[in-house]
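For reference, the chains in residue letters:
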Amino acid sequence: MSTTASQPAPALTAGPLSGRRALVTGGASGIGAACARALAGRGAHVVVADRDEAGAGDLAADLGGDAWAVDLLDTRALETLTLEADILVNNAGIQTVSPLEEFDPEDFRRIQRLMVEVPFLLIRAALPGMYARGFGRIINISSVHGLRASPFKAAYVTAKHGLEGLSKVTALEGGAHGVTSNCVNPGYVRTPLVEHQLVDQARLHGISEEEVLEKIMLTEAAIKRLVEPEEVASLVAWLAGDDAGMVTGSSYVMDGGWSAR
């Protein structure tokens, strides 16, 4: 996909991101949808990228943006991509919960492909245009699991740690060209991904979903609630703006105090 074929439509509202073009992967629901709304609310023209064609199309229509129906796991198709975006939000992700000795190797590879290789390819496709314009914002939705580990999440923890490294290298290479790169590291966010984890963890531990939330997911946090997608999006929107021009190579934790231990 090349976004060079057409000019951005007028942004939904005027704001500090007016004239900027943003791409959000996994943008049809959860954190991605909240990010798309927050960026559009600040004036950006948002491209909602998701394999859910209908969901991406509906949200893009609401925001006055564009939809990109794409299976990002088809990474070969991304190798020749030209991506004209001022703001890239790498958000798409999946999860598999399983003990290491039972972990399906293909599930492990799939998670690395979507959550490390895809961000690499999209960053690679976006940087030339960002360098030419002297402005770019790479925002990677990482996790507290990019900084900490948990049992039964070998693939996810591995991928998020890899994303952290990719983000830092991008920051070092992009700094001279006006491009910043940062990670946002939430704890458990109220999304469909977490809802599926509740079911998986309940099965693994032989307890109820309510007990999973209380005794496993939130046990390390000082603030005993899930993060809301809009809270993550508010930080993403700030990182996308001019005020964050000196913020790069960083990881912003939003985990209710989990990583303070």
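Refer to the preceding data block for the structure.
Just so it is clear, the structure is predicted and the values come from calculations on it, not from any experiment. (Residues numbered from 1 in each chain as written. Predicted model: local features only at pLDDT ≥ 70, side-chain atom pairs only at ≥ 80, totals over all residues. Heavy atoms only, no water.)

**Q** Where do I start with the overall build of the protein in this structure?
**A** Counting its regular elements, the protein contains seven helices and seven strands. Going from N to C terminus, the protein has its helices and strands arranged as β-α-β-α-β-β-α-β-α-β-α-α-α-β. The globule rule puts the C-alpha radius of gyration for 261 residues at 18 Å, and the 18 Å found for the protein is close to it. Across its three principal directions, the C-alpha atoms of the protein cover 55 × 35 × 35 Å. (Helix = DSSP H or I, 4+ residues; strand = E, 2+ residues; numbered from the N terminus. Rg over C-alpha atoms; globule rule 2.2 N^0.38 Å.)

**Q** Just to check I follow, could you spell out the packing of aromatic side chains for this structure?
**A** Aromatic ring pairs are reported here in terms of the distance separating the ring centres and the angle at which the planes meet. Enumeration according to the criterion identifies three aromatic pairs in this entry. Seen in terms of ring centroids, Phe103 and Phe108 are 6.3 Å apart; in terms of plane orientation they differ by 85°. Their pairing is edge-to-face. A relative accessible area of 10% places Phe103 in the buried class. Geometry around Phe135 places Arg20 over its ring, the cationic atom sitting 3.5 Å from the centre. (Phe/Tyr/Trp six-rings, centres within 6.5 Å; stacked < 30°, edge-to-face > 60°. Buried < 20%, exposed > 50% of the residue type's maximum accessible area, 1.4 Å probe, protein only. Lys NZ or Arg CZ within 6 Å of the ring centre and 35° of its normal.)

**Q** So what exactly am I meant to see when it comes to the sheet that holds strand β4 (residues 87-90) here?
**A** Hydrogen bonds between backbone groups are what pair the strands of a sheet, and the pairing can be parallel or antiparallel. Sheet architecture is open: seven strands sit in the order β3-β2-β1-β4-β5-β6-β7, paired in parallel fashion. The sheet terminates laterally at β3 (66-69) and β7 (251-254), the two strands that pair on one side only. Strand-to-strand twist of the sheet, defined as the mean angle between neighbouring strand axes without regard to direction, takes the value 15°. Packing against the sheet, helix α1 (residues 30-41) makes contact with β1 (21-25), β2 (45-50), β4 and β5 (136-141), and its axis sits at approximately 170° to β1. (Pairing = 2+ DSSP bridges. Axes fitted to C-alpha atoms, helices over the stretch in contact; angles between N-to-C directions. Contact = heavy atoms within 4.5 Å.)

**Q** For this particular structure, what's the right way to read the pairing of β2?
**A** A regular strand places its side chains so that they alternate between the two faces of the sheet. Among the six residues in β2, six count as buried, and that is most of the element. Neither face of β2 is open: one carries His45, Val47 and Ala49, the other Val46, Val48 and Asp50, and all of them are buried. As for the winding sense of the linkage, the β-α-β connection from β1 through α1 to β2 is right-handed. Here β2 runs beside β3; their pairing, made up of four bridges, is parallel. Looking at the pairing, Asp50 lines up with Ala69 of β3. (Right-handed = clockwise from strand over helix to strand, strands pointing away.)

**Q** It is not clear to me how the layout of surface pockets should be interpreted in this structure. Could you clarify?
**A** It is the rolling of a water-molecule-sized probe over the atoms that shows where space remains empty. Considering only enclosed or pocket space, the largest pocket measures out at about 910 Å³ in volume. Taken together, 40 residues form the lining of the largest pocket, with Asn91, Ala92, Gly93, Ile94 and Leu193 sitting closest to its centre. For the lining of the largest pocket, the secondary-structure elements that each account for two or more residues are α1, β2, α4 (154-174) and α5 (192-205). If one sorts the elements of the lining of the largest pocket by residue count, α5 sits on top with six residues. The residue inventory of the lining of the largest pocket, partitioned by class, reads 19 nonpolar, 14 polar and seven charged. (1 Å grid on protein atoms, 1.4 Å probe; cavity = no way out; pocket = protein on both sides within 12 Å on 5 of 7 lines; lining within 4 Å. Points joined across faces, edges and corners; volume = space filled by probe spheres on them. Nonpolar A, V, L, I, M, F, W, Y, C, P; charged D, E, K, R; others polar.)

**Q** So what exactly am I meant to see when it comes to the side chain of Asn91 here?
**A** As for its position among the elements, Asn91 is in the loop between β4 and α3 (105-133). Classification of Asn91 by relative accessible area gives buried; the value is 12%. Looking at Asn91, its side chain comes within polar contact range of the main-chain oxygen of Gly26, at 3.1 Å. Look past the residues within four positions of Asn91 in its chain and what remains in contact with it is Thr25, Gly26, Ile31, Gly32 and Ile141. (Polar contact = N/O pair within 3.5 Å; in protein donor to acceptor, adjacent residues only side chain to side chain.)

**Q** Help me out: how do you make sense of unusual backbone geometry in this one?
**A** What you tend to see is this: most non-glycine residues have negative phi, and most peptide bonds are trans. Despite not being glycine, Phe152 shows a phi value in the positive range, around 75°. Topologically, Phe152 is positioned in the loop between β5 and α4. Here Phe152 falls in the partly exposed class, since its relative accessible area comes to 28%.

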